[in-house]
Amino acid sequence: MASSFSRILSSKRNIGILSLVGGSATVGFLLHRDHVSAGSPVRRRYPASAEYPDLRKHNNCMASSLTPAIYAKLCDKATPNGFTLDQAIQTGVDNPGHPFIKTVGLVAGDEESYEVFADLLDPVIKERHNGYDPRNMRHPTDLDASKIQSGQFDERYVLSSRVRTGRSIRGLSLPPACTRAERREVERVVVDALAGLKGDLTGKYYSLTQMTEKEQQQLIDDHFLFDKPVSPLLTCAGMARDWPDARGIWHNNEKTFLIWINEEDHTRVISMEKGGNMKRVFERFCRGLKEVEHLIQEKGWEFMWNERLGYILTCPSNLGTGLRAGVHVKLPLLSKDARFSKILDNLRLQKRGTGGVDTAAVGGVFDISNLDRLGQSEVQLVQTVVDGVNYLIECEKRLERGQDIKVPPPLKQFK
Amino acid sequence: MPFGNTHNKLKMNYSSEQEYPDLSKHNNHMAKVLTPEMYASLRDKETPSGFTLDDVIQTGVDNPGHPFIMTVGCVAGDEETYEVFKELMDPVIEDRHGGYKPSDKHKTDLNSDNLQGGDDLDPNYVLSSRVRTGRSIRGFCLPPHCSRGERRAIENLSIESLDSLDGDLNGKYYALKNMTDEEQQQLIDDHFLFDKPVSPLLLASGMARDWPDGRGIWHNDNKTFLVWVNEEDHLRVISMQKGGNMREVFTRFCTGLTKIESLFKDRGHEFMWNEHLGYVLTCPSNLGTGLRAGVHVKLPNVSKHEKFGEILKKLRLQKRGTGGVDTAAVGGVFDISNADRLGFSEVELVQMVVDGVNLLVDMEKRLEAGDSIDDLMPEQK
């Protein structure tokens, strides 16, 4: 047992060393789909049928797609880093879900998870992303903010504008599977790159383990601080291990560009400001992202990305653009109209409370953002939000004047 | 554990310093003992079933602990953990179990005839008596590491064996995922039902995975003998009843355990046990006997005495609230039990509880009468 273990170790070591020395581009090439197979043998004493999880009370995308046959086919496989199917699905097994809210129910431990476990991930992606088929569709990436039209909202209604996404560093395992050293490496690579940002993007890093109480209070007051996750969806996936080691927050001096390090993804990138200038928020977002990418490339690193799935993140729900562009907008009349949900649906928008996902709206103020993530580009999604929110504001104004509103025709899914 | 970085092969490309956890704010046995050198020496090892050092210590890394309460901070994933990671486990065990050395031998004694007295703890003060322990089935991984298949096999074996018990031990199994609302309510009312753990100490070790698959509760018709399956250990065995007849509780405990052991053996399985560590359980704090014998006892006066803590320490006893570990005492009623687990036999530990509780009740009566208890002060046991 010991000798086969060390043999496996030494072959993976080569790939690991390449990623450290030669830059992750080399690794990306080597870990092409053809080279990825069974990986290390997985200890198993029982047949797949004895190990198959009991999903009868479950309502999540993993449970909908994981048949006993697919489980049997994939349960002995592992990615080259050693991430297994059981690890990927653990969060979905432990969290049966809610009849009204369908969660995803699985996570990736590394970039290769999306290949090795494609038989499960492809149908999950298809269900979650409204029919997007990774087998034969391509995801467009477009970070040219100049294409946005009418990106300034009426500030009597729109209180704030925000765009967020995530990025993963190729060659390093994702939060469910990473070791402490890998996580610290993510922190080092990103903080190093952020230190190179200039002009309005000049900023500072606050490590969770080292911040002073004063800094912590300031970050809380700015609504920037993130805490150890309490949601069992996240903790069951193993991403809160070793908290708060290598976690931190970076933001620019103007407090309009913010990066979370090693929370649910390697990085979460957020551009935001008060008011309704979504175009400027998105412009800064794109500029900042491109600058950071350029800075890490100088050191031989790159983001996880491919043509089929766009940007690779921990949760399959965030593939593609990983982008959520939204506003806090006052819609006290429209939100009480019975047609509100249908209007949002047709505009491909989603409402949330002012505290974010799973919170309530306060004072008629809603968080309105794009529903889709994959299959449309960043520019397309932000334009959808711009057009949609402008329409909602029009409706609100009409209702104020006592005029009737119309439910718009549904937007096409994939452009 | 199967989630986390157990299988992560890139780990070994990083140096030990790069992987070593930040334990600067930690107060648990693992953090006290795990030096960078020890980490370097053990980090590339794994047990035959694949449990690694990082798996052992994850709960201790994720839970820095409390300045006043020293938790263990590490768990075993299988029987071999205690061997493969001896370098870490031995000092943790020594620290936790009052100086127990790697060369020491542990005595097992489940012959209740060897207990003296214990049948007449004053029921005006002692409300209930209880003895619990745990058992692990050899050849299976422990709760932090086991697969669903293993957990279900343990459940099936347990059901088969427990179903063969008869006489006053005749009983029934209630699987957590199959019980009716009515059964569930009854188990709650009887104070038998266990729930999915919420303590981060337990969750971080991975033992709540796949809940409630493979978990359940068995109890006899008389409701005096109870077995938890696949909670924090493979089996937790509990004998309890109202009143102060600890002797009867312990006798049933020993008889039941011995019967269960032979029923498992009939099916080709034995309990994890060895001469040095006694019964092997998930948490190093439960090694040896894994035994906690205790009573709920009314001590409103003694508990306010300035020497209460010292008395308990001398008697080798421990106090808890009426809800169990980390709860408060209600109405002057305390849970008093043995502090030790390893290095003393079952009979010795129950004897300490019997003798100690008798003394505490005497002290309570004296203080009620307004008399002093100075002459009753015990020696260090």
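Here the structure is a predicted model, which means the values were calculated and not measured.

What counts and how
Residues numbered from 1 in each chain as written. Chains lettered and ligands numbered in written order. Predicted model: local features only at pLDDT ≥ 70, side-chain atom pairs only at ≥ 80, totals over all residues. Heavy atoms only, no water. Domains from an automatic or database assignment. Contact = heavy atoms within 4.5 Å. Buried area = accessible area lost by both parts, 1.4 Å probe. Salt bridge = Lys/Arg side-chain N within 4 Å of Asp/Glu carboxyl O. Polar contact = N/O pair within 3.5 Å; in protein donor to acceptor, adjacent residues only side chain to side chain. Helix = DSSP H or I, 4+ residues; strand = E, 2+ residues; numbered from the N terminus. Nonpolar A, V, L, I, M, F, W, Y, C, P; charged D, E, K, R; others polar. Axes fitted to C-alpha atoms, helices over the stretch in contact; angles between N-to-C directions. Parallel < 35°, antiparallel > 145°, perpendicular 65-115°, else oblique. Left-handed = near helix turned anticlockwise from the far one by under 90°. pLDDT = per-residue confidence, 0-100.

Draft legend 1. Broad picture of the domain arrangement of chain A. All names here are of chain A. Parsing chain A into structural domains produces domain 1 (40-129) and domain 2 (145-401). Contacts between the two partners involve 21 residues from domain 1 and, on the opposite side, 22 residues from domain 2. Interface area, domain 1 with domain 2, both sides summed: about 1800 Å², of which 61% is carbon and sulfur. Sorting the residues of domain 1 by area buried against domain 2 places Glu111, Tyr114 and His129 first, and these three jointly supply 35% of that buried surface. Here Arg308 makes a salt bridge to Glu115, at a shortest N to O gap of 3.0 Å. Taken together, domain 1 and domain 2 are joined by eight residue pairs in polar contact (both at pLDDT 80 or more). If you list the elements that add at least two residues to the side of domain 1 that touches domain 2, you get helix H6 (85-94), helix H7 (113-116) and helix H8 (118-128). In terms of residues, the side of domain 1 that touches domain 2 owes the most to one element, H8, which gives four residues. When grouped by side-chain class, the residues that make up the side of domain 1 that touches domain 2 number eight nonpolar, seven polar and six charged.

Draft legend 2. Spotlight on the packing of helix H7 (residues 148-163) of chain B against helix H10 (residues 246-266) of chain B. Residue and element names in this part refer to chain B. At their nearest, the axes of H7 and H10 sit 9 Å apart, and the two run at 120 degrees to each other. On the basis of the axis angle, H7 is oblique to H10. Along this stretch, H7 crosses H10, giving a crossing that reads as right-handed. For the pair H7 and H10, contact is made by Leu157, Ser158, Ser161 and Leu162 and by Ile260, Leu263 and Phe264, respectively. Counted by class, the contact of H7 with H10 contains five nonpolar, two polar and no charged residues.

Draft legend 3. How the structure looks around the confidence of the model for chain A. Taken residue by residue, chain A gives an average pLDDT of 88. The fraction at 70 or more is 88%. Within the model, the stretch residues 1-41 of chain A combines pLDDT values under 50 with 60 contacts to residues more than four positions away or in other chains.

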